[in-house]
Amino acid sequence: MIGAMQNPIPYQKDRPIIRIRPMKGTSCKICTHELSSEPVLEINKPDRFEAFIGVDEKSFKRTWHRCSSCAVLQAVHYNGMDEKLAQISDKYYSIDFGSLTSGSRFERIQKIPDEKSDNYHRVRRIGDFYRNWIQSFEKSSTPSILDIGGGMGVFLCKYLEVNPDFTGVMIEPDRESTTHIDSSFPFEFHNRLFSGQEEYQRDFDIVTLNKVVEHIEKPHQLLSDIQKVLNKKHGLLYIEIPDEMNVYYKPSSDNSLGSLHHHLYNPHSLNYLLESTGYTVLRIERMFEASGKISIYAFAISSSAEKQWLTH
Ligand SMILES: [Zn+2]
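Below you will find a few notes about this structure. (Residues numbered from 1 in each chain as written. Predicted model: local features only at pLDDT ≥ 70, side-chain atom pairs only at ≥ 80, totals over all residues.)

1. What about the overall build of the protein chain?
Next up, step 1: Looking only at helices and strands, one finds 10 helices and 11 strands in the protein chain.
Next up, step 2: Its C-alpha radius of gyration of 22 Å places the protein chain within 12% of the 20 Å reference for a compact globule of 312 residues.
Next up, step 3: C-alpha extents for the protein chain along the principal axes are approximately 75 × 50 × 45 Å.
Next up, step 4: The 312 residues of the protein chain split such that 33% are buried.
Next up, step 5: In the protein chain, 67% of the contacts between residues at least 6 apart in sequence involve partners at least 24 apart. (Helix = DSSP H or I, 4+ residues; strand = E, 2+ residues; numbered from the N terminus. Rg over C-alpha atoms; globule rule 2.2 N^0.38 Å. Buried ≥ 20, exposed ≤ 12 C-beta atoms within 10 Å, placed from the backbone. Contact = placed C-beta atoms within 7 Å.)

2. Focus: the pairing of strand 2 (residues 62–66)
Next up, step 1: Summarising burial for strand 2: 4 of the 5 residues are buried, a large majority.
Next up, step 2: In this structure, strand 2 lies alongside strand 3 (residues 73–76), joined through 4 bridges in antiparallel fashion. Its bridge partner being in strand 3, Trp64 is matched across the sheet by Ala75.
Next up, step 3: The turn linking strand 2 back onto strand 3 is made up of 6 residues, and Ala71 within it adopts a positive phi angle of 75°. (Pairing = 2+ DSSP bridges.)

3. Looking at helix 9 (residues 267–276)
Next up, step 1: Considered for burial, the residues of helix 9 that qualify are Ser269, Leu270, Tyr272, Leu273 and Leu274.
Next up, step 2: Elements that come into contact with the buried residues of helix 9 comprise strand 8 (236–242), strand 10 (279–288) and strand 11 (294–302).
Next up, step 3: Where helix 9 ends, the next residue or the one after it, Gly278, has phi of about 95°, a positive value.

4. Considering the sheet that holds strand 2
Next up, step 1: Spatially, 4 strands are ordered 1-2-3-9 in an open sheet, and the strand pairing comes out antiparallel. The open sheet terminates on both sides in strands that have one partner only, identified here as strand 1 (41–43) and strand 9 (263–264).
Next up, step 2: Of the pairings in the sheet, the one linking strand 3 to strand 9 comprises 2 bridges and is antiparallel in character. Residue pairing in the sheet places Gln74 in a bridge with His263 of strand 9.

5. Structural notes on the packing of helix 5 (residues 118–134) against helix 6 (residues 154–162)
Next up, step 1: Running from N to C, helix 5 and helix 6 cross one another at 50°; their axes reach a closest spacing of 9 Å. Compared by their axis directions, helix 5 and helix 6 come out oblique. Relative to helix 6, helix 5 is oriented so that their crossing is right-handed. Contact residues: Asn119, Tyr120, Arg122, Val123, Ile126 and Gly127 in helix 5; Val154, Phe155, Lys158, Tyr159 and Val162 in helix 6.
Next up, step 2: Its residues placed into classes, the contact of helix 5 with helix 6 shows 7 nonpolar, 2 polar and 2 charged. (Axes fitted to C-alpha atoms, helices over the stretch in contact; angles between N-to-C directions. Parallel < 35°, antiparallel > 145°, perpendicular 65-115°, else oblique. Left-handed = near helix turned anticlockwise from the far one by under 90°. Nonpolar A, V, L, I, M, F, W, Y, C, P; charged D, E, K, R; others polar.)

6. As for the nonpolar core
Next up, step 1: Judged by nonpolar contacts, the single largest core of 57 residues is most densely connected at Ile206, Val207, Leu237, Tyr238, Ile239 and Ala298.
Next up, step 2: In terms of residue count, strand 11 provides more of this core than any other element does, 6 residues in total.
Next up, step 3: Here Ala298 is in contact with Ile239, Leu270, Leu274, Val281, Arg283 and Ile284, once residues within four sequence places are set aside. (Core = buried A, V, L, I, M, F, W, Y, C linked by C-beta atoms within 7 Å.)

7. A few points about the sheet that holds strand 4 (residues 144–148)
Next up, step 1: Pairing within the open sheet is mixed, and its 7 strands lie in the order 6-5-4-7-8-11-10. Single-partner strands in this sheet number two, and they are strand 6 (188–190) and strand 10. Strand-to-strand twist in this sheet, taken as the mean axis angle between neighbours without regard to direction, amounts to 15°.
Next up, step 2: Relative to the sheet, helix 5 contacts strand 7 (206–210), strand 8 and strand 11, its axis offset from that of strand 7 by approximately 150°.
Next up, step 3: Where helix 10 (residues 303–311) meets the sheet, it contacts strand 10 and strand 11, and its direction lies at approximately 65° from that of strand 11.

Without other data, these values stay purely geometric and don't point to any function.
What follows is the structure, given as structure tokens:
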């Protein structure tokens, strides 16, 4: 049986029928507007993840394009590479670190001296902002922090060491990078994906997303799920991501420009993403990190908390 034809194209005698199939990835996944067709960067050498899949090096390309509306930079993959990369998502750790256990890598990162440690500066940045911010409110007796996508747990360990009045929860879906985390760690740990589950709806004072959002094609759902778990009056979201400046100041082989990253932000596009998912930005700033990474961080509260803050 022949089914009904969907969306029939009316035939006009004097006009040739031209069917334009939009190229996949040409609309912005952050705001849905068109990406500029002229790339800001074309990469012709596969990175280690693309090489693992086994691409043809001669014809390989990946390009970065600016959105005409929200200004985010978005990666465009060719020859179905985005789907192939998604298929190896559970192998990232072994491709990167081979047989090196997560425990030895954890110890190695923990030994980095304070002045050279991105985590040390991150802990100070968040602690300082929180202490200043919370003065306007009645402080929770036991403040709490939730780190989503916390990797090996280096940041949260350091945060809880410097701020012993806090309790901490970490959620990380990657099993390979968390094999060393046991009951001796100072936080509650869950090896899963976060989706705003009821058990996390505990009025967290701080939720952190450290170098997580650039790995997510459409981060809107994650950001709105976080609103369910933040303290309704003063809950702070801390978000940290690679800056688009990496395109102009780093070699095209830099990690920030690699195949696992979907977007690169500037203050405008990060502000847009946060506002469009129901947040009010309190601070947004570019930074040149101790490790040499060019990044942006922001502190935000939910828009409903904004009203309470400014009218209480
Ligand atoms: Zn956009």
